[in-house]
Amino acid sequence: MRAAIYARKSTDDPTSVSVRRQIADGRAFAAQKGWTVHEEHIFDDDGISGADFVTRRGLTGLLTAGAQKPRPFDVVITADADRVGRDAARSALVFLELHEAGIRVFYALTNEEQRFASALDRMVLSLRSFGSELEREKAKQRTHATMRDRAEHGYVTGGTVYGYRNVPVFADVAGTAQQVHTHVRREIDPDQAAVVRAIFQAYADGLGLRTIARALNGDPAQGELSRRYFQGRRVVPPRGGTHGWNPPTILAMLRRDTYRGMVVWGKRRNTDRGGRTRCQVLQSERDWVYRENESLRIVSDELWSAVQRRQRPDGNRGGPGVGHHSASLFSGLACCGVCGGPLTIAGSRKRERCYGCSWHRNRGNTICANALLESVSVVDARVLAEIERTVLTPEARRFVLETAEDALLRMAACASRTGADLGRSLSRVGREIQNLLTAIEQGDPPASLLEQLRAREQERETIEAELAATGDAGALTELDRRRMRRVLADGLDHLGGVFAADQTAARRAITKLLPERIRFTPIALPTGERTYQFEAKLALGRIASLVRQNGASVPDGVRTLLQASFRVVTIVKRAA
């Protein structure tokens, strides 16, 4: 039998060998059973919580591979149920999906199979998952209680805050010469504290967040301000790296109570929501912990008050609200070809809205030198026309349809070969079962014969399920060739209608067609004029997704084979 292995651990400790150990145990388990494991069928998620079912690429890859027809493996080996997940409801859905695909699940630690066929099997799985989720919940409660106790004593409960150093504190162990780590405290970093005071003063003097960020990044255009507030030097950003300071970072600093000597803990708390972990939720003010600590004060009360008066009293940062639809076609879907930053509405030229690099605009010329602005209306029309011309041509339509049909033919051939092999195996198992029944009927059967009979009957059930799956694949391929061509053709026609509709619908369609952001690189034309060359990758498989949304369907194997992308490269040209 063909086996896949899934391994996961929650901690992000690079020295941990947990995932490697799980994979090694899975290989040993497969070898003991006489199963084969191919390298491409080993899936892992390292440093991801068991309550996260959204960002786990390993689990997603396992389920995607298991949904293919014919399926590439028959069993999944994992250490235990908690490796699949620590959320009882969502873990059950994963096991159900594997079960319905005809894939069996085995636990390497206990040498057990996780069945899902009967109500009793489901109850056992629920109990396993409940225990894992309960343990995770208790661990979270213990961690929260520990952090609250540290906050009440004025100790550090998180990472490093710009302007301070984290200093570990040790205590002597009574009766020994050893010391143990007890907690971490903060102390002011004089160099960083001077930068913090300068940022507060610059904002109180009327400078904007973007101007302060540019000055911190050493933008030559802000040379005078840099000399006035930051001694004319380029300041290393809080997280290091090459991307520099940005307005959101500065705004968060201007609102941090620690700089006025007041530590506030518990404003927000991580929770699990929508299959994601660490979703922060604002807590009731009565649950907050306040602790005044003058030794941490960096800015005076007068300077703090002056800064707060400049900010909006409701704490709203501005910007689009929930449900906002972009007024441009490619804002947020494109990136700068120079620095990789997002291309957004970054300015205007002759009172016309333009695309430009947001990192250049917000962080300055030292982070990105791309100051080119290009008309939104010109870019939207040119790029959309090029995508339409590339995707909706007769050649592209023919390529999509022929690729899909070839995929179906390969699936049919594979299903036919696999079905013949399974048929021979089913006949063999049937003969063995009949021989065992004959031996049992001749007298008092030993326990070994009964055990062999149960094993053969289980093998027959497995082969029959596989045979039914391959039979369905072959039948689907042969019967639906014309239907699938019609569905894809209708989908392409529908896509053309979407492009011709309103901008919101066109933006949604383009978002589905793009596996990655469009790259805009500034170039010089022979005339000396500067404009953008854009490069996009369009995934043909996304067309199948659009078709499926329109009430039709395309076989999974075809969607998988259509994921290849093709490049579209052209130059934005303005009308003379």
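Residues numbered from 1 in each chain as written. Predicted model: local features only at pLDDT ≥ 70, side-chain atom pairs only at ≥ 80, totals over all residues. Heavy atoms only, no water.

A. Up close: the overall build of the protein. Scanning the protein for helices and strands turns up 18 helices and 18 strands. For the protein, the residues scored as buried account for 41% of the 576 residues in total. Sequence separation of 24 or more characterises 67% of the internal contacts of the protein that already satisfy a separation of 6 or more. Roughly 30,800 Å² of accessible area belongs to the protein as shown, and the carbon and sulfur atoms make up 50% of that amount. (Helix = DSSP H or I, 4+ residues; strand = E, 2+ residues; numbered from the N terminus. Buried < 20%, exposed > 50% of the residue type's maximum accessible area, 1.4 Å probe, protein only. Contact = heavy atoms within 4.5 Å. Areas by Shrake-Rupley, 256 points an atom, 1.4 Å probe, with all protein chains shown as cover.)

B. Focus on the sheet that holds strand β5 (residues 112-114). Ordered in space as β2-β1-β3-β4-β5, the five strands form an open sheet in which the pairing is mixed. Every interior strand has two partners, whereas the edge strands, β2 (36-46) and β5, have only one. On average, each strand axis in the sheet is tilted by 30° relative to the strand beside it, whichever way the strands run. The pairing of strand β1 (residues 2-9) with β2 spans seven bridges and is classified as parallel. If you follow Arg8 over to β2, its bridge partner there is Asp45. The sheet strands contacting helix α5 (residues 119-152) are β4 (104-107) and β5, and the helix crosses β5 at an angle near 105°. (Pairing = 2+ DSSP bridges. Axes fitted to C-alpha atoms, helices over the stretch in contact; angles between N-to-C directions.)

C. View of the environment of Arg233. Considering the arrangement of structural elements, one finds Arg233 in the loop between α8 (223-230) and α9 (247-254). By relative accessible area, which is 38% here, Arg233 ends up partly exposed. Considering only alpha carbons, one finds Arg233 and Ala215, 18 residues apart in sequence, at a separation of 8.7 Å. Setting aside residues no more than four positions away along its own chain, Arg233 makes contact with Val195, Ala215, Leu216 and Ser226.

D. Seen up close, the nonpolar core. Core analysis: the biggest nonpolar cluster contains 31 residues, and Ile199, Phe200, Ile212, Leu216, Phe230, Trp245 and Tyr259 have the highest contact counts within it. Elements supplying a minimum of two residues to this core: α6 (190-204), α7 (209-216), α8, α9 and α10 (301-310). If we skip the residues at most four places from it in the chain, Tyr259 touches Val161, Tyr162, Tyr164, Val196, Phe200, Met253, Leu296, Arg297, Ile298 and Val299. Formed by 21 residues, the second largest nonpolar core is a distinct cluster that contains Ala334, Leu372, Ala506 and Tyr532. (Core = buried A, V, L, I, M, F, W, Y, C linked by side-chain atoms within 4.5 Å.)

E. Representation of the pattern of salt bridges within the structure. Inspection of every chain in the model, using the stated rule, returns 23 salt bridges. Residue Asp46 is joined to Lys9 by a salt bridge in which the shortest nitrogen-to-oxygen separation is 2.7 Å. Of the two residues, Asp46 is situated in strand β2 and Lys9 in strand β1; the sequence distance between them amounts to 37 residues. Judged by relative accessible area, Asp46 falls into the partly exposed class, the value being 46%. Residue Arg71 is joined to Asp74 by a salt bridge in which the shortest nitrogen-to-oxygen separation is 3.7 Å. (Salt bridge = Lys/Arg side-chain N within 4 Å of Asp/Glu carboxyl O.)

F. Here's a closer look at the packing of α7 against α8. α8 packs onto α7 with a crossing angle of 80° between their chain directions and a minimal axis gap of 9 Å. Judged by the inter-axis angle, α7 sits roughly perpendicular to α8. Where α7 abuts α8, its residues Thr211, Ile212, Ala215 and Leu216 lie against Leu225, Ser226 and Phe230. Classifying every residue of the contact of α7 with α8 gives five nonpolar, two polar and no charged. (Parallel < 35°, antiparallel > 145°, perpendicular 65-115°, else oblique. Nonpolar A, V, L, I, M, F, W, Y, C, P; charged D, E, K, R; others polar.)

G. Spotlight on the packing of aromatic side chains. Taken as a whole and assessed by the stated rule, the structure comprises 12 aromatic pairs. Ring centres of Phe520 and Tyr532 lie 5.8 Å apart, and the angle between their planes is 90°; this geometry places the pair in the edge-to-face category. Taken together, the residues span a long stretch of sequence, with Phe520 in strand β16 (residues 518-524) and Tyr532 in strand β17 (residues 530-539) at a distance of 12 residues. For Tyr532, a relative accessible area of 1% gives the class buried. Ring pairs connect the aromatic residues Tyr164, Phe200, Tyr259 and Trp304, which therefore count as one cluster. Sitting over the face of the ring of Phe53, Arg56 holds its NZ or CZ atom 4.7 Å from the ring centroid. (Phe/Tyr/Trp six-rings, centres within 6.5 Å; stacked < 30°, edge-to-face > 60°. Lys NZ or Arg CZ within 6 Å of the ring centre and 35° of its normal.)

H. Quick peek at the packing of α6 against α7. In contact at an axis separation of 10 Å, α6 and α7 are set at 145° when each is read in the N-to-C sense. Where α6 crosses over α7, the two elements pack in a sense that is right-handed. From α6, Val195, Ile199, Ala202 and Tyr203 reach across to α7, where they touch Leu209, Ile212 and Leu216. Taken together, the residues of the contact of α6 with α7 sort by class into seven nonpolar, no polar and no charged. (Left-handed = near helix turned anticlockwise from the far one by under 90°.)

I. Expanded view of helix α4 (residues 88-100). The first and last C-alpha atoms of α4 sit 18 Å apart over 13 residues, in line with the 18 Å expected at 1.5 Å per residue. Listing the buried residues of α4 in full gives Ser91, Val94, Phe95 and Leu98. Angularly, the buried residues of α4 cover 95° about the axis, an arc narrow enough to put them on a single face. Pointing more than 90 degrees away from the buried face of α4 are the exposed residues Ala89, Leu93 and Glu100. The secondary structure elements touched by the buried residues of α4 are α2 (57-66), α3 (81-84), β4, β5 and α5. (Expected span 1.5 Å × (residues − 1). Arc of directions from axis to C-beta.)

J. Inspection of helix α1 (residues 18-33) at higher detail. The first and last C-alpha atoms of α1 sit 23 Å apart over 16 residues, in line with the 22 Å expected at 1.5 Å per residue. For α1, the complete set of buried residues consists of Ser18, Val19, Gln22, Ile23, Gly26, Phe29 and Ala30. Looking straight down α1, one finds its buried side chains confined to an arc of 135°; they lie on one side. Relative to its buried face, α1 has exposed residues pointing more than 90 degrees away, namely Arg20, Ala31 and Gln32.

K. Fine view of the side chain of His41. By the element assignment, His41 lies in strand β2. Excluding residues within four positions of it along the chain, His41 makes contact with Ala3, Ala4, Ile5, Pro72 and Phe73.

L. Fine view of the environment of Ser358. In this fold, Ser358 is placed in helix α11 (residues 358-363). Residue Ser358 is classed as buried on the basis of its relative accessible area of 9%. C-alpha separation for the pair Ser358 and Cys368, spaced 10 residues apart in sequence, amounts to 9.2 Å. With residues up to four places along the chain from it excluded, the contact list for Ser358 reads Pro342, Thr344 and Arg363.

M. Here's a closer look at unusual backbone geometry. Phi angles above zero are rare outside glycine, and Asn111 is one such case at about 55°. For Asn111, the location among the structural elements is in the loop between β4 and β5. Within the chain, Gln231 stands out as a residue other than glycine whose phi angle is a positive 55°. Structurally, the position occupied by Gln231 is in the loop between α8 and α9.

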